[in-house]
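# Coordinate analysis (summary)
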Amino acid sequence: MTAPRLRSRKLDVKNGRVDLSHGSGGRAMAQLIADIFHDSFANDLLAQGNDQAVFDIPAGRMAMTTDGYVVSPLFFPGGDIGSLAVHGTVNDLAMSGAKPLYLSASFILEEGFPLADLQRIARSMGAAAREAGVKIVTGDTKVVERGKADGVFISTAGVGLVPDGVELSGDRARPGDAILVSGTLGDHGVAIMSSRENLQFETQIVSDSAALHGLTGAMVAACGNDLRLMRDPTRGGLAATLNEIAHQSGVGIRIEEDALPIRPEVAAACELLGLDPLFVANEGKLVAFSSPEAAEKLLSVMHSHPLGRDAALIGHVVADENHFVQMTTSFGGGRIVDWLSGEQLPRIC
Amino acid sequence: MKYVDEYRDGRLARALAKKIALAAQPDKSYRFMEFCGGHTHAIARYGLEDLLPANIRLIHGPGCPVCVLPIGRMDDAIKLAQRPGITLCTYADLMRVPGSDGQSLIKAKAAGADVRMVYSTLDALRIAQEEPRRQVVFFAIGFETTTPPTAMALIEAQKLGLKNFFAFCNHVLTPAAIQALVGSPESAASVPIDGFVGPAHVSTVIGTKPYHAFAENYRKAVVIAGFEPLDVMQAVLMLVRQINEGRHEVENEYIRAVTVDGNRKAQDFVARVFEVRDSFEWRGLGQVPFSALKLREEFAAFDAEKVFDIHTVAAKDNPACECGEILRGVKKPVDCKLFGTLCTPETPMGSCMVSSEGSCAAHWTYGRFRDAAPKQRQAS
């Protein structure tokens, strides 16, 4: 007599929901991981099925980062929490000049979350990772009771390789340096706002969520150490990033309002919502500081990359012991561009 | 952006600045108060003071509803939110305003109170309909602009027969406050104000009529102006001309939105629901007679003050706070010992720092580079 073959029922992705057994360490969890995560992220390191990924690294320096994602809503025009998690982590690595290699992903799932949505998110993550040329090599899944989370939270880590001789850092801005942004400001924050249930307005604005390491790679290759630093202006927008750099480098910053690239639709939506695009989040843009001599070359390198098409020179670093970020308004008057006070838009990433 | 860019044109602004410089007589000084926070914000946001000659001074008035809400009323709202069964609906600006004991709605929410940020009175009304077991209180604040929507919501609630929707009414009246600024005993000791940049949105509702008696009685020039920066520049030019010609009239720069009579329909809704209080406290100004609204007896069942038996206890500002003097133009933000030291937009001590439209917050956020800022005044 042969033993009856162990048959497990197929995961009902279409109608099923996350339940507590999916986080319990038993067969249900194994099935969820196999059918949704392995299936979506498919790569050799993950396929080994170990609790960690083991890989070779070449000699040199590495960059490492970690990030958490709690965006609401989970799906928004131009992306979702999955693609956002990949892009955000890749970009944090890329801002150091690193080539991103491997990511980890940890999922906190709320009991009752539809498996179809989870699969959609995982597939979107897998696609974003493949497109960016990085692998999601290890992960974790936990389930919490209904009401203890909001659908799904994702936390990631990432490692990347920093090319020899590249020394980008937020404390390297010097008076005279040029300040560039890679494209239009505020698209992500406004796209999120436009899809919130209590704030629906018809808009064509989609999130700019994108992996920037292709663009940063080209910038580093072209300008070397004339490129002082890069940073992605996510939460708090351009204003927060410029204030961070001013303090980190002990300098002042002057920008020109007329030079800021802002889509008319974004400006209009901000007008309606009482927001300032300078404080609204971006997920596919970067700010770069360069030596004055290299500014023009850097701008043309950015312009020739699809993600830097709308790049613009927006201002300069000045000596200022108060570390003020100042802006010449389109009127010719002056004002400070301060840190954001309070929370302008909660849970945008 | 059509219908907005036209009023933010830098070229036109510079041309207007030239006209103002030509019109302003060098031997005269001009002191104009913009009453509304919306104007204060536009002036700071676009750096308009840099475009005006030195003898024109803009004094930032008390027209920011969050700023003038007395601490005692904030305490009432926080205590309301902490009661079991109550859902307090509020505009986001009020979340961080500190009460008398360091409490705030955002802290109360973190401790378990059901506080929800809404964008309109209708959101609050919808919550009351969807959650009949919650007692939903709308934290109603603002000038004549936000009063009609509150009135509409209450009329609608009455029509629907809702038993779980209430308004905690803190609506205040602009003309009474402007009058208090020039007619109160304290104003005798104040910097004399030559003219007012009159409210924009408020005037769309109340019209230009309510300002006439004031202009005449107190011999003050009034120019009602829109909130766009070019509106403000144009209004300053019109005020300078009035002063030069010895006129004290009500002029309307904002003709694209403001009429003589205002919005009659909105006025009717307000009159159906509200009546004038004998007196109300304004933070920074003290008690101002006939300066606020309360719900009429017919709406008593919706009046949070009555239903939840609220008796406001006045709470004092920090004694070092100079908001009263700043609002009357006697002092500038930088003259206050607390400004930029203990009092910042993150940790506001006085009314002028509470909302981005307050004069101290606007100066801190946009204009503090103009002060010879001592080291300790930097943002931490």
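Procedures and definitions
- Residues numbered from 1 in each chain as written.
- Chains lettered and ligands numbered in written order.
- Predicted model: local features only at pLDDT ≥ 70, side-chain atom pairs only at ≥ 80, totals over all residues.
- Helix = DSSP H or I, 4+ residues; strand = E, 2+ residues; numbered from the N terminus.
- Rg over C-alpha atoms; globule rule 2.2 N^0.38 Å.
- Buried ≥ 20, exposed ≤ 12 C-beta atoms within 10 Å, placed from the backbone.
- Contact = placed C-beta atoms within 7 Å.
- Nonpolar A, V, L, I, M, F, W, Y, C, P; charged D, E, K, R; others polar.
- Pairing = 2+ DSSP bridges.
- Right-handed = clockwise from strand over helix to strand, strands pointing away.
- Domains from an automatic or database assignment.
- Axes fitted to C-alpha atoms, helices over the stretch in contact; angles between N-to-C directions.
- Core = buried A, V, L, I, M, F, W, Y, C linked by C-beta atoms within 7 Å.

All right, on to the overall build of chain A then. Each helix and strand counted, chain A has nine helices and 13 strands in total. The C-alpha radius of gyration of chain A comes to 22 Å, within 12% of the 20 Å expected for a compact globule of 349 residues. Judged by the C-alpha coordinates and their principal axes, chain A covers about 90 × 50 × 35 Å. Burial statistics for chain A: of 349 residues in total, 49% are counted as buried. Sequence-distant contacts in chain A: of pairs separated by 6 or more residues, those separated by 24 or more amount to 85%.

Here we take up the interface of chain B and chain A. Listed by partner, the interface residues are 27 residues for chain B and 21 residues for chain A. Of all the secondary structure elements, the ones that give two or more residues to the side of chain B that touches chain A are α1 (10-23), α2 (37-45) and α16 (359-367) of chain B. Across the side of chain B that touches chain A, the residue classes tally to 14 nonpolar, five polar and eight charged.

Now for the pairing of strand β5 (residues 135-144) of chain A. Residue and element names in this part refer to chain A. Bridge count for strand β4 (residues 99-110) against β5 is nine bridges, and the pairing is parallel. Note on β5: the bridge partner recorded for S106 is D140. In this fold, β4 hands off to helix α4 (residues 115-132), which returns the chain to β5; that crossover is right-handed.

Our focus in this paragraph is the domain arrangement of chain B. Residue and element names in this part refer to chain B. Looking at the assigned domains, one finds that chain B contains domain 1 (5-66 + 174-252) and domain 2 (71-88 + 100-172 + 284-307). Domain 1 and domain 2 are separated by 33 Å when their C-alpha centres are compared. Taken together, the contacts link 11 residues of domain 1 with 12 residues of domain 2. Going through the elements one at a time, β2 (56-63), α8 (174-183) and α9 (201-206) are the ones with two or more residues in the side of domain 1 that touches domain 2. Of the residues belonging to the side of domain 1 that touches domain 2, the class tally is eight nonpolar, three polar and no charged.

The subject of this paragraph is the domain arrangement of chain A. Residue and element names in this part refer to chain A. Here chain A is partitioned into domain 1 (20-162) and domain 2 (178-336). Distance from the C-alpha centre of domain 1 to the C-alpha centre of domain 2: 27 Å. Facing the 19 residues of domain 1 at the interface are 22 residues of domain 2. For the side of domain 1 that touches domain 2, the secondary structure elements donating two or more residues are α3 (81-94) and β4. Sorting elements by how many residues they give to the side of domain 1 that touches domain 2 places α3 first, with eight residues. In terms of residue class, the side of domain 1 that touches domain 2 is built from 11 nonpolar, seven polar and one charged.

What follows covers the sheet that holds strand β9 (residues 250-252) of chain B. Residue and element names in this part refer to chain B. Strand order in this open sheet of five strands is β2-β1-β7-β8-β9, and the pairing throughout is parallel. The two strands at the open ends of the sheet, each matched to only one other strand, are β2 and β9. Here the average twist between neighbouring strands, direction ignored, is 25°. Sheet topology places strand β8 (residues 221-224) next to β9; three bridges connect them, and they run parallel. What sits directly across from V222, in β9, is V250. Sheet contacts for α8: β1 (30-36), β2 and β7 (195-198); angle to β2, the most-contacted strand, approximately 130°. Along the sheet, helix α11 (residues 229-244) makes contact with β1, β2, β7, β8 and β9, crossing β8 at roughly 155°.

Residues A:V152 and B:V137 are the most contacted members of the largest nonpolar core, which totals 227 residues. A total of nine residues in this core trace back to one element, the largest contributor, which is α11(B). Residues contacting A:V152, with those up to four places away along its chain left out, are A:L74, A:I81, A:F107, A:I108, A:L109, A:E110, A:F113, A:L118 and A:I121.

Residues and elements named next belong to chain A. If you walk across this open sheet you meet the seven strands as β8-β10-β7-β11-β9-β12-β13, and the pairing is mixed. Pairing within the sheet leaves two strands with one partner each, and these edge strands are β8 (227-231) and β13 (334-336). The mean angle between the axes of side-by-side strands here comes to 25°, regardless of whether they run parallel or antiparallel. Pairing analysis gives four bridges linking strand β7 (residues 178-181) to strand β11 (residues 312-318), with the strands arranged antiparallel. From the neighbouring strand, L180 faces β11, where its bridge partner is L313. The sheet strands contacting helix α9 (residues 295-303) are β7, β8, β10 (287-290) and β11, and the helix crosses β7 at an angle near 10°.

Along any regular strand, the residues point their side chains to alternate faces of the sheet. Residue and element names in this part refer to chain B. Taking burial as the measure, the seven residues of strand β6 (residues 165-171) include seven buried ones, the bulk of the element. Relative to β6, strand β5 (residues 135-142) runs parallel, the two sharing seven bridges. In the sheet register, A140 faces β6, and the bridge partner there is C169. In this fold, the crossover linking β5 to β6 by way of helix α7 (residues 147-160) has right-handed handedness.

This brings us to unusual backbone geometry. At the junction of A:S72 and A:P73, the peptide bond is cis and its omega measures out at 0° in the coordinates. The backbone phi angle of B:R219 is positive, close to 55°, even though this residue is not glycine. Looking at the secondary structure, you find B:R219 in the loop between α10 (212-218) and β8. Judged by local crowding, B:R219 falls into the exposed class, with 12 C-beta atoms found within 10 Å. Here the phi dihedral of B:F290 falls at roughly 50°; this positive angle occurs in a residue that is not glycine. The topology assignment puts B:F290 in the loop between β12 (286-289) and β13 (293-295). Residue class for B:F290 comes out partly exposed when judged on the 14 C-beta atoms lying within 10 Å of it.

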